[in-house]
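Close look at the chain arrangement
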Number of protein chains: 4
Amino acid sequence: MRIGVLTGGGDCPGLNAVLRAVVRTSVIEYGSEVIGFRNGWRGLLDDEATPLDIGKVDKLLTRGGTTLGTMRAAPQALHDGLGRTRQVLDDHGIDVLIPIGGEGTLTAAAWLSDEGVPVVGVPKTIDNDIDCTDLTFGFDTAVSIATDMIDRLHTTAESHQRVLLVEVMGRHAGWIAMHAGMAAGAHLILMPEQPFDVEEICQLISARFDRGDTHVIAVISEGATPKPGTMELRDGGIDEFGHRRFTGVAQQLGWELEARSGKEVRTTVLGHVQRGGTPTSFDRVLATRFGMHAAHAAHRGDFGNMVALHGTEIALVPLKEAVARLKTVPPDRIAELSAFTG
Amino acid sequence: MRIGVLTGGGDCPGLNAVLRAVVRTSVIEYGSEVIGFRNGWRGLLDDEATPLDIGKVDKLLTRGGTTLGTMRAAPQALHDGLGRTRQVLDDHGIDVLIPIGGEGTLTAAAWLSDEGVPVVGVPKTIDNDIDCTDLTFGFDTAVSIATDMIDRLHTTAESHQRVLLVEVMGRHAGWIAMHAGMAAGAHLILMPEQPFDVEEICQLISARFDRGDTHVIAVISEGATPKPGTMELRDGGIDEFGHRRFTGVAQQLGWELEARSGKEVRTTVLGHVQRGGTPTSFDRVLATRFGMHAAHAAHRGDFGNMVALHGTEIALVPLKEAVARLKTVPPDRIAELSAFTG
Amino acid sequence: MRIGVLTGGGDCPGLNAVLRAVVRTSVIEYGSEVIGFRNGWRGLLDDEATPLDIGKVDKLLTRGGTTLGTMRAAPQALHDGLGRTRQVLDDHGIDVLIPIGGEGTLTAAAWLSDEGVPVVGVPKTIDNDIDCTDLTFGFDTAVSIATDMIDRLHTTAESHQRVLLVEVMGRHAGWIAMHAGMAAGAHLILMPEQPFDVEEICQLISARFDRGDTHVIAVISEGATPKPGTMELRDGGIDEFGHRRFTGVAQQLGWELEARSGKEVRTTVLGHVQRGGTPTSFDRVLATRFGMHAAHAAHRGDFGNMVALHGTEIALVPLKEAVARLKTVPPDRIAELSAFTG
Amino acid sequence: MRIGVLTGGGDCPGLNAVLRAVVRTSVIEYGSEVIGFRNGWRGLLDDEATPLDIGKVDKLLTRGGTTLGTMRAAPQALHDGLGRTRQVLDDHGIDVLIPIGGEGTLTAAAWLSDEGVPVVGVPKTIDNDIDCTDLTFGFDTAVSIATDMIDRLHTTAESHQRVLLVEVMGRHAGWIAMHAGMAAGAHLILMPEQPFDVEEICQLISARFDRGDTHVIAVISEGATPKPGTMELRDGGIDEFGHRRFTGVAQQLGWELEARSGKEVRTTVLGHVQRGGTPTSFDRVLATRFGMHAAHAAHRGDFGNMVALHGTEIALVPLKEAVARLKTVPPDRIAELSAFTG
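Residues numbered from 1 in each chain as written. Chains lettered and ligands numbered in written order. Predicted model: local features only at pLDDT ≥ 70, side-chain atom pairs only at ≥ 80, totals over all residues. Heavy atoms only, no water.

**Section: the sheet that holds strand 3 (residues 49-52) of chain A**
Residues and elements named next belong to chain A. As a reminder of what qualifies: Strands were regarded as paired on the criterion that DSSP finds at least two bridges between them. Counting from the N terminus, the helices are the DSSP runs of H or I reaching at least four residues and the strands are the DSSP runs of E reaching at least two. In this description, a line fitted to the C-alpha atoms serves as the axis of each element, helices being fitted only across the stretch in contact, and the angle between N-to-C directions of two axes falls anywhere from 0 to 180 degrees. The contact criterion used throughout is that any non-hydrogen atoms of two residues lie within 4.5 Å.
With respect to topology, seven strands assemble into an open sheet ordered 3-2-1-4-5-10-11, the strand pairing being mixed. The sheet is open, and its two edges are formed by strand 3 and strand 11 (313-318), each paired on a single side. When the angles between neighbouring strand axes are averaged without regard to direction, this sheet yields 30 degrees. As defined by bridge partners, strand 10 (residues 305-310) adjoins strand 11 across six bridges and the pair is classed as antiparallel. Opposite N305, over in strand 11, you have P318 as the bridge partner. On top of the sheet, helix 5 (residues 103-114) reaches strand 4 (96-101), strand 5 (120-123) and strand 10; it is set at about 155 degrees to strand 4, its chief contact.

Shown next as structure tokens:
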């Protein structure tokens, strides 16, 4: 059998571990061959194929990023190129395609599956917002890095009696903010699921300093937004350098809090370091199991599905179901935070 | 309400995070008080009580070990001292006791519950072998440390073309060996669940060197045993120093492999470093949620149960059910390793 | 004898280790007492004194920040308050003052010494730009953190074929950029000591991609500046939010490079995480030795000096000499980089 | 010009960084070629040559171990094989040989230099015991790992009120024990330079527990020895498994202390993990500078020397002088510990 594989969307610690597992399982358990396509869907359309064997994936387990390279999904190009896609897959004799990627990649995979292309998906998202799976690889690494950084910021905040805002990833879901905030003992956690009230935050800050606490650490998802009417998030427009200005929510909130509270407020944006580098042991195991089970599903003919973590087991769920909605933090998980912030 | 809490058995990263969560939830959500008993069940019988408030648990989230101290369970003393236990709890006006511990502690808790003492348990085991919960805190930290260490050993083994055996924790279950072995790309993983055949291991070693590989890394649970007839694990008897000799399975296997294979074999026993130090972010979150939900259960009157992780939710399971058997690695998980070793 | 101690300026990993060493050496070796002043020179003027004994410094070795708190130096207030300073020191019976701080703190210390106040200084600078000492504590920690972060960014840059700019600390000296850049294999290192030429950087970027390299990592001191005429660093003025805009050199260079090179360029500003958290073992040893030798000098009456690292020995150098100039990266060290960048 | 390079003795974090620097400097600055010999001196005699270019050393900076492999020095074979050595070097047109290694390798290099072979040495020792240089690469990594591990052991020792002995590397010199012990706040540091008195250690343990301290951590060089008459270190003889028994000093001391003090004593032997894995940023910079300056010296014709760190500068010292004696911890450094142990 011949398996095709590609990685789409932003990079994520564990992608290489998935590739290694797909190759090892396919070659060792089934005697199959694996062809990788470089640079995501774009590379598939451009036929950037490269054979992957056990030697090529030998040192990949501990490496971040993706040896295949990746490119942000261009769904329209893919739709337009269905014929081309079939042809490239046929040219290489690909029996099943295993796309590894986020919402965009999996939506494309679901559509290809509907069009009759044999597909098994592997979910990938730093933000942990893909539905129908307990967790995705990369998330634990991002939370670990963010937690390490916030641990470090505590002592600086204490020494200078400051308010420190830390912006973490999470455009649509607050999983990273919630987990890193809980793990690092943040006093405030702001997530997209629950718009924040600037006045309440000012009161929390005052209350802490009034009762003798030395500092405030707040963790903020990049996608957090204020309650309408309490503060306005502004688009940066065109700045003095002639560039489109982007100023994140944490920075804008920081300015607002400094103005209103009179305290020294500093903002740190963690950025790309959350998605790079060697995966945690948790993510290496999860990525390996995802890759292994995707290869098994491919050889069994269980097409149109995505691998998923349910408890301690790897399950298969229909791609269509998985991409129907994003998985956000549910209200009962947000309620859990009440005794751990403030 | 008054909550009693104690930590029993060996120490484990995350114990302090559980204590912090029990205190914060009880005090902030319910206005209750919390009394800690030092040094496990022994300290309860000796009435080593100490009040715990929010200030006392303030810096505990990131610290390993247990601020209450711990002592190995002495079940017989506890059985004999039931009257004494009731009296100490009554003296302090304890409404519910939250024991945090492993199999021994939870078995004692189940028995106390049968005797009518209101109890909510929190499972604690580095080895991850407590049943009815997907995972326990401390395990992820132990696997992370072991993985880091094995990552480091790879380069030494390569440079010297050696066979390296690494003994990790796991007396009755191979979870740490399996996860650390998968995460670090070990070529061989030996667990208590599946007795090993020395001759097969020699063949695997020869096969690797014959096909040009530079080294072999094997991860071995401390509780792994040979297949009867293939090698004899010896009790060390009384050694030349007049001490009871203990030589672990990895060391004995190492000697055997060196003798049989003619290769240079080195053994590393990771030991206590696996159970000390700051918990991973994963374990901090899990321990916090366990402590929080135990406090909620205590206040709701859900006695005789243990908190447990089911998927992403914290559930309650009857203590009796949880201690009925150890959770070992099931055959289908062992089978998963076939493409990742050798 | 009675020793006074304070920490001035920004916080720095190792400050607590210096405090611990001053206290342990003074108490154990000399039977002296130690009084700490909170919040730097400001706290001295305000008489925020607190006795420090061995118990109080017991857990400080591994903690970042400073248990005494710190405040940016206000030299004029100090000059105006010389009489007040003498009086506070006299009130507490302080025989020698040990100020731990950067250029500002040490300059104040030199001036106090001239005025007859017995002083022994301890140099502190993340940036490593204090003269007359090979190294200062905190620097190794900052370089380690920056290196870890750049290691992580490599894989992201590779996966996306990007140019990544990383801004590190170093207002007047490029030590952190040079060391972290060498340690992490950066392709370009920009420092205050050598103004950069944007056109040359564009050529370097083109040359790398032309010969098949997958990415470019540049490390940039916050104090780096362009060669006059090649690019203009702009003051941000008042921005669209009504705040004084600060846009760092790396961000401005990033926009410029993206516009000129047509490549995707991303900028990461590491910020405060470089100065927080537990010190490296190197910094713990250096800070401990600095504190110990400062206490010895104080007891020997070697006033007006600063402790310094010369090779492997701790020496004393006159404070006046140490603050006469900043230590920047010399031309022969910059020349060393020629085979390691590009 | 043609440069030969080899790595001898045990592996060490930073070896690959030296190789990378030798190659980059030779190729980029001088247009020279570099030939590596695999497996140390043995591989030179066996002519296991492999050309090294910039591509081959591209990813080596962060990797532990040595890509060339290494083998323990066999000096006699080398002496016998002088003619063979010259011939192999001639066959490959090698103008200068750069051996990277410890005392054995450098002694061989000094001898080859006397015989007229152009040689520039690079010192390599985890133990930091090569003379005439302030530090060697690998040492900082070993100290960092040991410190991390001891940090972790503190919480276990506290929770169980134990005495914990940690054996670290250092056969002839106590540098690792001293630095890791100072960095991790050990209560006792035992080194080869100062034989220990078991009775004094028992008194220190009693004194700590008597005054309410919760635990004792001792760091012990593998080469530490007892004062004659206070305890006998025994050779293990042939053990019950028919193997030559080796029981390290820490283990034997642990048994002795448990017997004499009545306290629970546990021993951890850190072993190979101290010498594997990615080097610290400090070691990467030092190794890079050593390799770079060795290549410059080779091209300048400064033969018979070894690169060395003097303060912040890389110097050259005659190989003969460097190998004349081992660098042990001097008495004034040992005296520094008095306020930091006990």
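There's more to say after this.
**Some remarks on the sheet that holds strand 10 (residues 305-310) of chain B**
Residues and elements named next belong to chain B. The seven strands lie next to each other as 3-2-1-4-5-10-11, forming an open sheet whose pairing is mixed. Looking at the sheet topology across the chains shown, the edges are occupied by strand 3 (49-52) and strand 11 (313-318). Averaged over all pairs of adjacent strands, the angle between strand axes in this sheet comes to 30 degrees, irrespective of strand direction. Sheet topology places strand 4 (residues 96-101) next to strand 5 (residues 120-123); two bridges connect them, and they run parallel. In the sheet register, I100 faces strand 5, and the bridge partner there is V122.

**A closer look at the UniProt feature "binding site: Mg(2+)" (unreviewed entry) in chain A**
Just so we agree on the cut-off: UniProt positions are given in the numbering used here, feature names are shortened, and annotations may be inferred rather than shown by experiment.
According to UniProt, the "binding site: Mg(2+)" (unreviewed entry) feature falls on E103(A). With respect to the helices and strands, the residue E103(A) is situated in helix 5.

**Some details on unusual backbone geometry**
Trans peptide bonds make up the majority, and among non-glycine residues the majority have a negative phi. Here the phi dihedral of N128(C) falls at roughly 65 degrees; this positive angle occurs in a residue that is not glycine. Positionally, N128(C) belongs in the loop between strand 5 (120-123) and helix 6 (139-160).

**Some details on the relation of the copies chain C and chain A**
Applicable threshold: Residues reaching a pLDDT of at least 70 in both copies supply the C-alpha atoms on which the copies are superposed by least squares.
The two copies are related by a screw operation: chain C maps onto chain A through 180 degrees of rotation and 0.0 Å of translation along the axis, at an RMSD of 0.0 Å. The superposition of one copy onto the other is thereby described by a two-fold rotation axis. Both copies present the same face, since 100% of the interface residues in chain C are matched by interface residues at the equivalent positions in chain A.

**Section: the domain arrangement of chain A**
All names here are of chain A. Under the convention used in this document: Domain start and end points were adopted from an automatic or database domain assignment. Note: buried area is the sum, over both parts, of the accessible area (probe 1.4 Å) each one loses when the two are combined. A side-chain nitrogen of Lys or Arg and a carboxyl oxygen of Asp or Glu constitute a salt bridge if their distance falls within 4 Å.
According to the domain assignment, chain A consists of domain 1 (2-138 + 279-322) and domain 2 (139-275). With 17 residues of domain 1 at the interface, the matching set in domain 2 holds 14 residues. Carbon and sulfur atoms supply 51% of the area buried between domain 1 and domain 2, which totals about 1,100 Å² over both sides. Where domain 1 touches domain 2, the interface holds one salt bridge.

**Concerning the side chain of D131(D)**
Residues and elements named next belong to chain D. Our working definition: Throughout this description, buried means an accessible area under 20% of the type-specific maximum (1.4 Å probe, protein chains only), exposed means over 50%, and partly exposed covers the range between. In the analysis that follows, any N or O atom pair within 3.5 Å is treated as a polar contact, provided that within protein one partner can donate a hydrogen and the other can accept it, and provided that, for residues neighboring in sequence, both atoms belong to side chains.
Residue position: D131 is located in the loop between strand 5 (120-123) and helix 6 (139-160). Since its relative accessible area comes to 13%, D131 is described here as buried. Looking at D131, its side chain comes within polar contact range of the side chain of R325, at 3.0 Å. Residues contacting D131, with those up to four places away along its chain left out, are M306, A322, R325 and K327.

**Here's the deal with the packing of aromatic side chains**
In plain terms, the rule: When two rings of Phe, Tyr or Trp (its six-membered ring) have centres within 6.5 Å they constitute a pair, described as stacked for plane angles under 30 degrees, edge-to-face for angles over 60, and tilted for the intermediate range. The rule is short: NZ of Lys or CZ of Arg within 6 Å of the ring centre and within 35 degrees of the ring normal puts a charge over the ring.
Under the criterion given, the structure shown has six aromatic pairs over all chains. Here the aromatic rings of F137(C) and F290(C) are separated by 6.2 Å at their centres, their planes lie at 75 degrees, and the arrangement is edge-to-face. Taken together, the residues span a long stretch of sequence, with F137(C) in the loop between strand 5 and helix 6 and F290(C) in helix 10 (residues 281-300) at a distance of 153 residues. The pair F137(C) / F290(C) is uniform in exposure class, with both members buried. When the ring centre of F209(B) is taken as reference, the NZ or CZ atom of K263(B) above it lies at 4.2 Å. One residue, K327(B), lies across the ring of W175(B), its end atom 5.5 Å from the ring centre.

**Notes on helix 8 (residues 198-210) of chain A**
All names here are of chain A. Stated precisely, the cut-off is as follows: A helix is expected to span 1.5 Å for every residue after the first. Note that the arc is defined by the directions from the helix axis to the C-beta atoms.
Its 13 residues place the ends of helix 8 18 Å apart at the C-alpha level, agreeing with the 18 Å of an ideal helix rising 1.5 Å per residue. Those residues of helix 8 lying buried are V198, I201, C202, L204, I205, R208 and F209. Buried residues of helix 8, viewed axially, fall in a sector of 160 degrees; they line one side. N-cap assignment for helix 8: the residue whose side-chain oxygen lies 2.9 Å from the backbone N of E199 is D197. Of the residues flanking the end of helix 8, it is G212, one or two places downstream, whose phi is positive at about 95 degrees.

**Some points on the UniProt feature "binding site: ATP" (unreviewed entry) in chain A**
All names here are of chain A. Under the local residue numbering, the UniProt record ascribes the feature "binding site: ATP" (unreviewed entry) to G10, R72, A73, G102, E103, G104 and T105. With respect to the helices and strands, G102 occurs in the loop between strand 4 and helix 5. Those residues in contact with G102, other than ones at most four positions away along the chain, are G8, K124 and I130.

**So, the pairing of strand 2 (residues 33-37) of chain D**
Residue and element names in this part refer to chain D. The test is simple: Orient the strands so they point away from the viewer; a crossover is then right-handed if the path from the first strand over the helix to the second runs clockwise.
The element strand 2 is largely enclosed, with a buried count of four among its five residues. Examined bridge by bridge, strand 1 (residues 2-7) and strand 2 share five bridges and lie parallel to one another. The residue of strand 2 that forms the bridge with G4 is I35. In this fold, the crossover linking strand 1 to strand 2 by way of helix 1 (residues 15-30) has right-handed handedness. Two elements, strand 2 and strand 3 (residues 49-52), share four bridges in a ladder whose sense is antiparallel. Within strand 3, the position partnered with I35 by the bridge is P51.

**Description of the pattern of salt bridges**
Enumeration according to the criterion identifies 79 salt bridges over all chains in this entry. Between R289(C) and E336(D) there is a salt bridge; the shortest N-O distance is 3.1 Å. A residue pair is termed interchain when its members come from two chains, as with R289(C) in helix 10 and E336(D) in the segment after helix 12 (331-335). No difference in accessibility class separates R289(C) from E336(D), as the two residues are buried. Across the salt bridge formed by R162(D) and E264(D), the nearest N and O atoms sit 3.3 Å from each other. Here E264(D) lies in the loop between helix 9 (249-261) and strand 9 (265-269) and R162(D) lies in the loop between helix 6 and strand 6 (163-168), a separation of 102 residues in the sequence. Three or more residues are tied together by salt bridges with common partners; here these are R162(A), E258(A), E264(A) and R266(A).

**Things to note about the pairing of strand 5 of chain C**
Burial along strand 5 of chain C is two-sided: V120(C) and V122(C) and G121(C) and P123(C), pointing in opposite directions, are all buried. Handedness of the β-α-β unit built from strand 4 (residues 96-101) of chain C, helix 5 (residues 103-114) of chain C and strand 5 of chain C comes out right-handed.

**Some details on the packing of helix 1 (residues 15-30) of chain C against helix 10 of chain C**
In a packed pair of helices, the relevant descriptors are the angle between the two axes and the axis-to-axis distance. Residues and elements named next belong to chain C. Selection rule: Each angle is binned into one of four classes, with values under 35 degrees roughly parallel, values over 145 roughly antiparallel, values of 65 to 115 roughly perpendicular, and all other values oblique. Crossing handedness: left-handed means the near helix sits turned counterclockwise from the far one by under a right angle, and right-handed means the same turn made clockwise. Only Asp, Glu, Lys and Arg are considered charged, only Ala, Val, Leu, Ile, Met, Phe, Trp, Tyr, Cys and Pro nonpolar, and every remaining residue, Gly among them, polar.
Look at helix 1 against helix 10: their axes get within 7 Å of each other, and the N-to-C directions meet at 40 degrees. It follows that helix 1 is oblique to helix 10 by the angle criterion. Read as a crossing pair, helix 1 and helix 10 show a hand that is right-handed. Residues A17, V18, A21, V22, T25, S26, E29 and Y30 of helix 1 form the contact with helix 10, whose participating residues are R284, A287, T288, G291, M292, A295, H296 and H299. Across the contact of helix 1 with helix 10, the residue classes break down as eight nonpolar, six polar and two charged.

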